[in-house]
Amino acid sequence: MRCVVTGLLACVLLLGAPCTSSGQLDELVVTSSPFRSSVDDVVQPVSVLAGDALHLASGSSLGETLAHQPGLTATYFGPSASRPMIRGLGGQRVQVLEDGMAAFDVSALSEDHAVGIEDAVARQLEVLKGPATLLYGNGAVGGAVNTVTRRIPESRLANGYAASLEEKADSASRLRALVGTLDGDVADFGVHLDGFDRHSQDVSIPGGRMWNSASRSRGGSLGGSWIGDAGFIGLSVSRFDDHYGIPQAMNDPADATHIDMRQDRVALRAALMPGDGAVDALRVAATHGDYAHAELAGDGTVGTRFTQTGDELRLSLDHHVAGLKGTVGLQLRQVDFAARGTERFVPASQTRGGGVFAFEQYPLGALTLEGGLRVERQSLAPEAGNGLPARRGTTTSGAIGALWHAKPGLSLAVNLTRSERLPSAIEFYAGGAHEATRQYLVGNAALAPEKASSLDIGLRGTGLFTWSLAVYRNAFDNFIFLAPTAALNDGLQVFEYRQGRATLEGFEGQAEAPLLDDVGRSLTLRLSADAVRGRLASGGDLPQIPPLRLGVELQARRGDWSAEVSVWEHLRQSRVAPYESGTAGHTLAGISLSRHWQLERGTLMGFVNADNLGNVVARRHSSPLKDIAPLPGRSVTVGLRLEL
């Protein structure tokens, strides 16, 4: 794969291209919003990572790339298996998407399972904070992370083609990574090719190395579209292979479990945009995913094999009538899951579901009103012969919101959502040992649908400085949680799925002030803070809730040079669930330096990042493996990125 990517891009370099600058971003359009609005015009709380900021933040997994964004963290079951958490919620409540469609991996099933999406090939990452159930189903009651790619081209390129090539290495994991993309127009057709190859060794931590944390991943995609004046239709195929170790406290080769994962994906997208009348666009998207991973013992034998195939179809109609604009649609999904082997803690099952949705927006001068509704039906059938009952149910979710531009440079957004989630197969049917998390899981076939009422208030301002502040409260009825018990089974503590009322409330804020803004040079100070508190009404705190976090960043630019110094203070977390350990506070300091060179045929960026300069022991509270797997120690990353 490395040779293929390098060779293709070398050919492109010989063809020549007008110079473009990767440092300048066009207006960021949120594709996971039903209205494809700019970031400043989206009513629902959303954050977007793109351009140089995305390339410099790109980590060993999707969770690590997003972990330092306001309101987000990650599970960190080692560097390879790290899934995003949004405002204290993760797992079954956060949807991970690629171009708006389900990932079809099993990362929501357990924290030791990696996300089957590679963010290194992304154009941008979009995070919908708070319930995203209206568009993406009841599995998005906590939010959604959408990886936006160009694997299916939707429009022609300004210069006829574009390409990128990036290579980087770091000292903590001895990482070596190469990723490349190639896009081109041929008559009425657009084509896309991407590939990546990444390998690392055991991660360096203060005082030694994290045993069995090495990884090797590779993959890529090929896609193409017919692009006309009134729309497009395209297809892509992709593969993602990942082989990584499950970190352990001691170097015991006999206990060195590895996961060997493969994800194949076929996607189709089409849009018809008439250009007149009330219909703006008719959109069709379909995805088939074929996922499998084997959990290998230290001697290489297969202990458990997980397989999952999924299909999703999405139809939507964008329209406008008398000032009202919106989208109505239909989404169908089916998933077949199976686990075979020694760690079969959840039985095979089939999930079938479908939903209809509508989302409308009406502008009233400085005020924009939004509202939406979704009705979804789901059936869950366990494997025949095990005596477990099938479950069926219907959920209804609704939302209203408003965005008020009070005056130039000041806006207020308010969102009120009522969402419902049907329990998943693991919550209903779990029953067995899960060695990776050191738990014996017991499901609950009597679980009722989970319901949440959410309020989010956001303020954004510009002027002498740019700032944003959001406060939110999620009140759950029938909140499903994993409760520890005093019982043991197979030498593991028994955990049961239970329900109760719960609340999660918190805030996130950021302010950016220019200390110097002159021709060719600038100095900017950025302050950030976020916190969330999760509690059960019956008493006690929810597990894996991150503590208060404060950040100070100073960014300087002079000509083609950029530099940034950052200090993040993570306070200790002593509000813990039963049998959960707390985490000490820690301070992470970092520095980065980058430069752009304008070449005859493109732009070259070189960068150096130094993280955890103090080499401190940092344990992320949202990680179930925090007691044996701290974050990496002092690390230096160097890289080059070429864009044409």
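Worth saying up front: this structure is predicted, and the values here are computed from it rather than measured.

A. Spatial organisation of the overall build of the chain. For the chain, the helix and strand inventory stands at five helices and 33 strands. Its C-alpha radius of gyration of 24 Å places the chain within 12% of the 26 Å reference for a compact globule of 644 residues. Seen through its principal axes, the chain has C-alpha atoms that stretch 65 × 60 × 45 Å. Expressed as a percentage of the 644 residues in the chain, the buried residues total 53%. Long-range pairs, those at least 24 residues apart, make up 63% of the contacts in the chain with a sequence separation of at least 6. Carbon and sulfur atoms make up 58% of the accessible area of the chain, which amounts to about 26700 Å² in all. Computed over 58 positive and 69 negative side-chain charges, the inter-centroid distance for the chain is 3 Å.

B. Highlighting unusual backbone geometry. One non-glycine residue, Arg174, lies in positive phi territory at about 55°. Topologically, Arg174 is positioned in the loop between strand E8 (161–170) and strand E9 (176–186). Judged by relative accessible area, which is 38%, Arg174 ranks as partly exposed. One non-glycine residue, Tyr579, adopts positive backbone phi at about 65°. Among the secondary structure elements, Tyr579 is positioned in the loop between strand E30 (561–570) and strand E31 (586–599).

C. Examining the pairing of strand E6 (residues 124–129) more closely. By the criterion of burial, E6 is predominantly enclosed, with six of the six residues buried. What you see with E6 is no split at all: Gln124, Glu126 and Leu128 on one side and Leu125, Val127 and Lys129 on the other are buried throughout. Pairing of strand E1 (residues 46–50) with E6 involves five bridges; the strand directions are antiparallel. Counted as the bridge partner of Val46 is Leu128 from E6. Strand direction decides the pairing type here: E6 and strand E7 (residues 143–148), joined by six bridges, are antiparallel. The residue bridging Glu126 from the neighbouring strand is Asn146, located in E7.

D. Summary view of the pattern of salt bridges. Across all of its chains, the model carries 39 salt bridges by this definition. Among the salt bridges present, the one from Asp456 reaches Arg87, with a minimum N-O distance of 2.6 Å. In this pair, Asp456 sits in strand E25 (residues 450–461) while Arg87 sits in the loop between strand E3 (84–86) and strand E4 (94–98), placing the two residues 369 residues apart along the sequence. Among the ionic pairs, Arg418 bridges to Asp477, the shortest N-O distance being 3.8 Å. Of this pair, Arg418 sits in strand E22 (residues 410–421) while Asp477 sits in strand E26 (residues 466–489), and the two are 59 residues apart along the sequence.

E. Fine view of the packing of aromatic side chains. Tallied over the entire structure, the rule returns six aromatic pairs. Seen from their ring centres, Phe306 and Phe337 are 6.2 Å apart, and the 40° between their planes marks the pair as tilted. Taken together, the residues Phe306 in strand E17 (residues 302–321) and Phe337 in strand E18 (residues 324–341) connect sequence positions 31 residues apart. Here Phe306 and Phe337 have matching classes, each one buried. Through a chain of ring-to-ring contacts, the aromatic side chains of Phe306, Phe337 and Phe345 assemble into a single cluster.

F. Looking closely at the environment of Ala618. Along the polypeptide, Ala618 turns up in the loop between strand E32 (602–611) and strand E33 (635–643). Here the alpha-carbon distance between Ala618 and Thr304, two residues 314 residues apart in the chain, equals 32 Å. The contact partners of Ala618, leaving out residues within four places of it in the chain, are His586, Leu588, Pro630 and Leu631.

G. Up close: the pairing of strand E21 (residues 391–407). With 14 bridges joining them, strand E20 (residues 367–382) and E21 adopt antiparallel strand pairing. Across the sheet, residue Thr368 finds its bridge partner in E21, namely Leu403. Strand direction decides the pairing type here: E21 and E22, joined by nine bridges, are antiparallel. Note that in E22 the partner of His405 across the bridge is Ser411.

H. Local environment of the confidence of the model for the chain. Residue-level pLDDT values for the chain average 91, and 96% of them are 70 or greater. At the low end of the mean pLDDT range in the chain sits helix H1 (residues 2–15), at 37; at the high end sits E30, at 97. A low-confidence stretch, residues 1–25 (pLDDT under 50), is modelled with 56 contacts involving residues beyond four sequence positions or located in other chains.

I. Molecular detail of the nonpolar core. Leu109, Phe337, Phe345 and Ile426 are the most contacted members of the largest nonpolar core, which totals 40 residues. Looking at this core, the elements with two or more residues in it are strand E14 (231–245), strand E15 (258–272), E18, helix H5 (425–429) and strand E27 (492–518). The element contributing the most residues to this core is H5, with four residues. Counting residues in each nonpolar core, the second largest holds 15 residues, with Leu54, Ala103, Ile117 and Ala122 among its members.

J. Representation of a nonpolar patch on the surface in the model. There is a patch of nonpolar side chains on the surface, built from Ile400, Val414, Leu416, Leu455, Ile457, Leu459, Leu469 and Val471 and spanning about 590 Å² of accessible area. For the nonpolar patch, the secondary structure elements donating two or more residues are E22, E25 and E26. When residues in the nonpolar patch are grouped by element, the largest group, three residues, is from E25. Relative to the helices and strands, Leu469 resides in strand E26.

K. Expanded view of the sheet that holds strand E5 (residues 101–102). Here five strands make up an open sheet; going across it, the order is E1-E6-E7-E4-E5 and the pairing mixed. Each having just a single partner strand, E1 and E5 make up the two edges of the open sheet. One ladder, built from five bridges, connects E4 with E7; its direction is parallel. Across the sheet, the residue bridging to Gln95 is Ala144, located in E7.

L. Layout of the side chain of Gln544. Along the polypeptide, Gln544 turns up in the loop between strand E28 (521–536) and strand E29 (549–558). Judged by its relative accessible area of 16%, Gln544 falls in the buried class. In this structure the side chain of Gln544 is engaged in a polar contact, spanning 2.7 Å, whose partner is the backbone oxygen of Ser622. Residues in contact with Gln544, not counting those within four places in the same chain, are Met85, Glu111, Glu580, His621, Ser622 and Pro624.

M. Main features of the environment of Pro632. If you trace the backbone, Pro632 turns up in the loop between E32 and E33. Overall, Pro632 belongs to the partly exposed group, its relative accessible area being 29%. Sequence separation between Pro632 and Val616 is 16 residues, and the spatial gap between their C-alpha atoms is 9.0 Å. Setting aside anything within four residues of it in sequence, one finds Pro632 in contact with Tyr76, Ala172, Val203, Ser204, Ile205 and Asn612.

Scoring rules and cut-offs
One numbering rule holds for all chains: residues counted from 1, following each sequence as written. With the structure being a predicted model, the display of local features is reserved for residues of pLDDT at least 70 and the display and counting of side-chain atom pairs for 80 or more, all residues being used for whole-chain, interface and lining totals. With hydrogens and water stripped out, all remaining heavy atoms of the structure feed into the side-chain values. Helix and strand assignments come from DSSP, with helices taken as H or I runs of at least 4 residues and strands as E runs of at least 2, each series counted from the N terminus. This radius of gyration counts C-alpha atoms alone. The globule rule is 2.2 Å times how many residues there are, raised to the power 0.38. Exposed residues in this analysis have more than 50% of their type's maximum accessible area, buried residues have under 20%, and partly exposed residues fall in between, with area computed by a 1.4 Å probe over protein chains only. What makes two residues a contact is simply this: any of their non-hydrogen atoms within 4.5 Å. Reported accessibility uses the Shrake-Rupley method at a 1.4 Å probe radius. Residues are deemed covered only where the shown protein chains occlude them. The charged-residue count follows a simple rule in which Lys and Arg add positive charge and Asp and Glu add negative charge, with His and chain termini not counted at all. Taken as the charge centre is NZ of Lys, CZ of Arg, CG of Asp or CD of Glu, depending on the residue. When DSSP finds two or more bridges between two strands, those strands count as paired. We define a salt bridge as a side-chain nitrogen of Lys or Arg found within 4 Å of a carboxyl oxygen belonging to Asp or Glu. Two aromatic rings, drawn from Phe, Tyr or Trp (for Trp, its six-membered ring), form a pair once their centres lie within 6.5 Å of each other, and the interplanar angle then sorts them: stacked below 30 degrees, edge-to-face above 60, tilted otherwise. pLDDT runs from 0 to 100 and stands for how confident the predictor is about each residue. Nine residue types can take part in a nonpolar core, namely buried Ala, Val, Leu, Ile, Met, Phe, Trp, Tyr and Cys, and a core is a set of them joined through side-chain atoms within 4.5 Å. Distance thresholds for patches are 9 Å for like charges and 5 Å for nonpolar side chains (Val, Leu, Ile, Met, Phe, Trp, Tyr), applied to residues having over 30% relative accessible area and no salt bridge. Any N or O atom pair separated by 3.5 Å or less is treated as a polar contact, with the protein-specific requirement of one donor-capable and one acceptor-capable atom, and with residues adjacent in sequence counted only for side-chain atom pairs.

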